[in-house]
Each structure stands twice: as structure tokens, then as C-alpha cells.
Amino acid sequence: MNTSVSTVEDPAPQPEISRLGALFSWQSILFVVLCTAGLLTGLAYVFGLNWDGQRLLEGQYYWIFIGLFVAAAFIALPAYKGQHRIPFYDLAAAVVAMGISFYYSLHAWDMVQSGWGHVPTAVVIWLLMMELARRSGGLPFLLVVALLGSYPLVADRFPGLLMGIPYDFDRMIDAHIFRAEGMMGITTKIVAEIILGFLVFAGVLIATGAGQFFIDLANAGFGRHRGGPAKVAIVASGFFGSLSGSIFSNIAGTGSITIPAMKKSGYPPHYAGAIEACASTGGVVMPPVMGAIAFVMAITIGVGYATVLLAAVIPSLLFYFGLLLQVDAYAAKSGIKGLEKDELPPMKGVLKRGWPFLLVLSFLVWGLLYMRWEYYAPWYAAALIVALSYLQKDTRLTPVKLFEALRQIGFLVTQTAAIILPVAFVVSALTITGVTGSVTSGLIALGGENLYLILFFGVLACFIMGMAGLAIVAYIFLAVTLAPAIIEVGGLNTVAVHFFIVYYAMLSVITPPVGTAAFLAGTIAGSSPMRTCFTAMRLGVVIYFVPLFFLFQPALVLQGDLTPLVYILPSIVAGIVLISGGLEGWLLGAGRVRRWWRPGLVVAGFIFSFPSLMSTVIGGVLSLLFAALVWWDNRRDPAVQTT
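Summarised in this report is the structure supplied together with it. (Residues numbered from 1 in each chain as written. Predicted model: local features only at pLDDT ≥ 70, side-chain atom pairs only at ≥ 80, totals over all residues. Heavy atoms only, no water.)

### Focus on a nonpolar patch on the surface
Residues F24, I29, V33 and V400 make up a contiguous nonpolar surface patch of roughly 350 Å² in combined accessible area. Tracing the backbone through its elements, the reader meets F24 in the segment before α1 (26–46). The exposure class of F24 is partly exposed, given its relative accessible area of 47%. (Patch = residues over 30% accessible without salt bridge, like charges linked within 9 Å, V, L, I, M, F, W, Y side chains within 5 Å. Areas by Shrake-Rupley, 256 points an atom, 1.4 Å probe, with all protein chains shown as cover. Salt bridge = Lys/Arg side-chain N within 4 Å of Asp/Glu carboxyl O. Helix = DSSP H or I, 4+ residues; strand = E, 2+ residues; numbered from the N terminus. Buried < 20%, exposed > 50% of the residue type's maximum accessible area, 1.4 Å probe, protein only.)

### Concerning helix α24 (residues 482–490)
When we look at burial in α24, the residues that qualify are L482, A483, A485 and I486. Looking down the long axis of α24, one finds its buried residues gathered within 165 degrees of arc, a one-sided arrangement. Just downstream of α24, G491 is the residue with a positive phi angle, here 60 degrees. (Arc of directions from axis to C-beta.)

### Regarding the pattern of salt bridges
Within the structure shown, the criterion is met by twelve salt bridges. The salt bridge partner of E131 is R134, with a shortest N-O separation of 2.7 Å. With E131 and R134 both in helix α5 (residues 119–149) and three residues apart, the pair spans about one turn of that helix. Overall, R134 belongs to the partly exposed group, its relative accessible area being 27%. Between K333 and E584 there is a salt bridge; the shortest N-O distance is 3.8 Å. On the criterion of sequence distance, the pair formed by K333 in helix α16 (residues 313–334) and E584 in helix α29 (residues 565–584) is long-range, its members being 251 residues apart. The network of salt bridges with shared partners includes R19, D90, E131, R134 and R135.

### Points about helix α28 (residues 542–552)
The element α28 is extensively covered by neighbouring structure, given that nine of its eleven residues are classed as buried. If you check which residues of α28 are buried, you get V542, I543, Y544, F545, V546, P547, F549, F550 and L551.

### Brief notes about the packing of helix α2 (residues 58–76) against helix α3 (residues 88–106)
Axis separation between α2 and α3 bottoms out at 8 Å; the angle between their running directions is 180 degrees. In terms of orientation, α2 lies roughly antiparallel with respect to α3. Contacts from Q60, W63, I64, I66, G67, L68, V70, A71, F74 and I75 of α2 reach α3 at D90, L91, A93, A94, A97, M98, S101, F102, Y104 and S105. Of the residues assigned to the contact of α2 with α3, the class counts are 15 nonpolar, four polar and one charged. (Axes fitted to C-alpha atoms, helices over the stretch in contact; angles between N-to-C directions. Parallel < 35°, antiparallel > 145°, perpendicular 65-115°, else oblique. Contact = heavy atoms within 4.5 Å. Nonpolar A, V, L, I, M, F, W, Y, C, P; charged D, E, K, R; others polar.)

### Side note on the packing of aromatic side chains
The final tally for this structure, using the stated rule, is 39 aromatic pairs. Arranged with centres 4.7 Å apart and planes meeting at 45 degrees, the rings of F65 and F69 form a pair that is tilted. Of this pair, F65 and F69 both sit in helix α2, four residues apart, which is roughly one turn of that helix. When its relative accessible area of 2% is taken as the criterion, F69 is described as buried. With a centroid separation of 5.7 Å and an interplanar angle of 70 degrees, the aromatic rings of Y103 and W116 are classed as edge-to-face. (Phe/Tyr/Trp six-rings, centres within 6.5 Å; stacked < 30°, edge-to-face > 60°.)

### As for the nonpolar core
Y104, I177, M183, Y267, I275 and F499 are the most contacted members of the largest nonpolar core, which has 217 residues in total. Ranked by the residues each element gives to this core, the list is headed by α2, at 15 residues. What Y104 contacts, discounting residues up to four positions off in sequence, is W63, M111, W116, H118, T121, A122, I125, I177 and F178. (Core = buried A, V, L, I, M, F, W, Y, C linked by side-chain atoms within 4.5 Å.)

Here's what the structure looks like:
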């Protein structure tokens, strides 16, 4: 795998991870030792284990975690593209980071009780974290962290609503490094507690072959239908992405199998890559698990995990429905058939071989929803899947496979920590200066208290922040700045607003000019990254407008009065059918769509699907008209089928 997890949410894939070398190279062994120590410490802290009657304090654990995984990051992450050897200065940085962090761990109690700090060493940690921000998220991410993190130095020099409480350098560094507003706060909690178990679970899934199982399961169920390999890719990536919570590990894992299969069946390389990119992106917001983003959102909003999970059901199903419709339409107009019966794995054999994965999935959902184990659940699920892996030869974790799994998990955690931990400086800067409220007021003022203008600026903010790195990073920032502005002006549902932010923060991974998920899938497919990106944008069209729908009609996220679903849901489904038909040139149940009818179908479908009574009526009339024209055109002139 090339990157780390999200919920929703991963950093841009790294071009090289080869600095770890061969599986049992000295740097690989050192990396695994550091990461295993970090994972064991995390396990002890999360489950409240004690040593000689003493439990780790929160601050003690955080600094041990930071020290071990920052050191591991300087071992694994190259300073520049193509760097294969670990230079002396990176080893020195790893030792320094671990030494200072362990020193801070010894003073964790004093930090809480008396505000203990040590600015000279804090500056060193700050600089090391800046370098990790550059290595993990690139120069744009570094600039975001550095500029916003340094805002307290000049907060009083900004005009009007952007003015904040100024801090000198020492006080700013003290807040960034030692206080709950900074590295001892929510960002470290997210990576060291909330999502750590999911990263472990994702690594174990990959190591035991879950990706291949979900592909085989989808093949057995959908492979015989037209465009079967593409539908298999969508279903398999959706399920695997929901479990792992990782966009890029999903693409690298399942995509390496599904993309060649789609190309072989007749889908062009750019189309196959785009399908995989969209399917993997949607997986992180699809129940039953949704990775870690569900917990981050639940904690931020202050609701239960089940509330977030249920809220995600309808939007995610609509997204995958639109994606399946488009690949089916492409298969229909291009004559792409399903797989032959002898090419399909028998369902009975697939279930016999893969029942442990289904059992673990059921166990995880039961633990999350019924037992309410929250972020303990993925640890239990990971332990269960390891135990079950020994029942079959193919999935058994031999010592070599176990070492490889630890390296895989270590890299997931290391890459995630390297990109989330520096965000603490941004959160700290906005908090200590009091500017979060100013940003909210500023957005309201900029939009002239017009909700639609504020939403427009909000979408831009989501997209730009999503470009900087993890969607989860963008969500953390925008949840405290953008969400209050939208809620204050529009009086909108809180859960709907926060889902709106998550969905639009995800868009950058399939949208030009960044499109990191599409770029990675395009690389695997051997196609132009930008062409793959534009195709992914078209295939994922539902994700661009459905967030606006549930923002204005919270029944779509199962909030408030659910009665409107009776007429809203059918109209959205019908609208998506029309939009997909217009974009692909093939309308389900009618046939090929001539070029001049396609824009009309798309517009009519969008108006019909918009959740308001007037638009539904107007769109319904237009939709019937265009659908009838397409149907009549195909029946009147059979030659249209080949034009």
C-alpha cells in the first residue's frame, strides 16, 4: 500500500516507500520494532492495562506514541522522490524526536498540573513536525500548516473580523506543543486513540487476503451481468473500503485486480481507473463501518455512533446506485458482456473459503451498534480475524506474513500520524487567538448573510482543504469554522451540515486538478491521470449534488420528520437514472440517447431530483417528456442504436 487511512479520509499517495527496502532489511526491521512498540503501547493505553498498579496518563501515552511514530516516519518517509537510502540526518532526527518525546512523557503530569514547558526543545519538535508535514503531504500542505500555524504571531495585524489575540513566539510554541489546544489535544487523540484500531484492522484485512475475497464474492454475485467486471469492482471496493476506511489502500489492494479485469472485458484504461477511484472513495462513507470518520464526526457533533452510521445509509446508496447505472449504460452501448459461467467462482466455494471475513464483518457491526464498543471494536475484530486466519492455509499468518502485516500496519499508522499531527498547530492557532468565531462571522459577512453564497464559499473551502491532505484533516478544521456559520444562518440540521462538509472535503481526490485517488488508479490502469480524473468526476456525479439535497432535506440523512422520503426518495432515484442516462448516452429501459437529447436529460433529472415540491413537479414533467422522446426515438428508428 502507498499511503494511509481515513473515514473517510487518506493523505496523497507517496511515490516511494522503498526506503524500507526488502522485507528483512535492517531499516525494515528497525521500522517494525518502533511501530510494534507503538502499537503495543497504544493497545495498553486504550484498554487501560497497568504496570505495577500504574496506568499511563493521557499525556504520557501521547508523547510515547509521538516519539515512536515520528521516529518511524523519519525512517520510512523519503525526504525527496526517489531517495532509497536512509541518510545520517534522518537517523539523527529519529533519535532526537524519540528522545525529546520520551523526556516530555516523564513530565506529562507537570504539564497538566503546573503548565510545565521547555521552549528550546519544543522548537525542535515543531521543526521536525514541519518536515514531516512536507514529506507526508507535500509543499502545499506544509505551507498551509506553517502559515496558519504561525497566525498567532500576527493575529492583531489583520483587519476587522480576521483580527485575533496576538502571541509572541515562545507562548505560541508553548501552546502548540504542550497544551490541549495543540499536540495534547484532539488531533493526537484522533490518530493515537480513535483511528488506531481501524488502522490495525485495515492492515490485518490486507494481510489475510480480504481484498481478494470481496472481489471473488462480487464476481460470484454480479460477474455474469453485462459490464460484470466493473460492477464487481464497485461492489468489492465499496465493501472493502467501508471496512478498512482507506481510499488509497483500497485502490492499491483491490484495484490491482479489478482494473486489469475491467480493461480485459472492454472498458478503456481511463474508464477502468475512474471506476475504481470512485468506488474506493465512496467506501469510506458507506456503512456498515465507515472506518474512523464516523467516530471523529460522532465525537465532534456529540451524538452516538449509530446516529452517524444510519445517517450515511441513503447518501452512500444513492452514490453507488449512480455509479452502477453509468457503468451499466457504458456496457450496454459498447456491447460489454458479463463473464462466462466457467470464469466465475462458484458462490458456494467463495463463501466456504471466505466465511471468516463475513463473520468478522458481522462481529464488527454487532460490536459497534449493539455492544457500543466504539473504538475498541476494531481491535477485537482484528484479533478475531487473526485467530480465524489459522483455520485455512491460504489466510494463515505465518511468521513471515505476520512480520509483513506489522510493517503494513506500521506504515499505515506512520503515514497517518505524519499528516494529522502537524494539523494540531493549525487547530491551536485558531483556538488560542479566538479566530474560529471570527472566521464564522467572516463567512457570514462575506456571503452577506445569504445562505447560498455561504454554501458556495464553504464548498470552495472544503475542496481547498481536501487538497491539502486527509479529508479528516479538512473536516476537523471546517467543523469548527464553517459548520457554525452554515447552522447559524440557515438553521440547518447539525448532522446534515457535518456530512455536507465530509462529502465535499472528499471531492478533491477525484476532482481536477488534484484528484489523487484518480491519479493513483490511472497509474495502475496505465492511462492519462488527468483524463482518468475527469472521467471519475463524471462517474461520481452524485457525490457533487446529493450533499446539497440532504442539507436542505435532512430526512435523507434520517434526521427529523421522515415523511418527505415517501416522495423525495423516488424522485431522486428517478433523477439519478436520467442524469446517468444523459451523461453516458444510454437511458435505462429506453436505449441509446442522441447527443442533442443528453443535456436535456441531465437538466431534467437534476430538477426532478431536487428535494422541493415545485422542482419535483416541474422536473417530473420535463423528465417524462425527455424520457418519452428517447423511448420513441429508439422505437421509431432502430438505427439510432448504432449512432
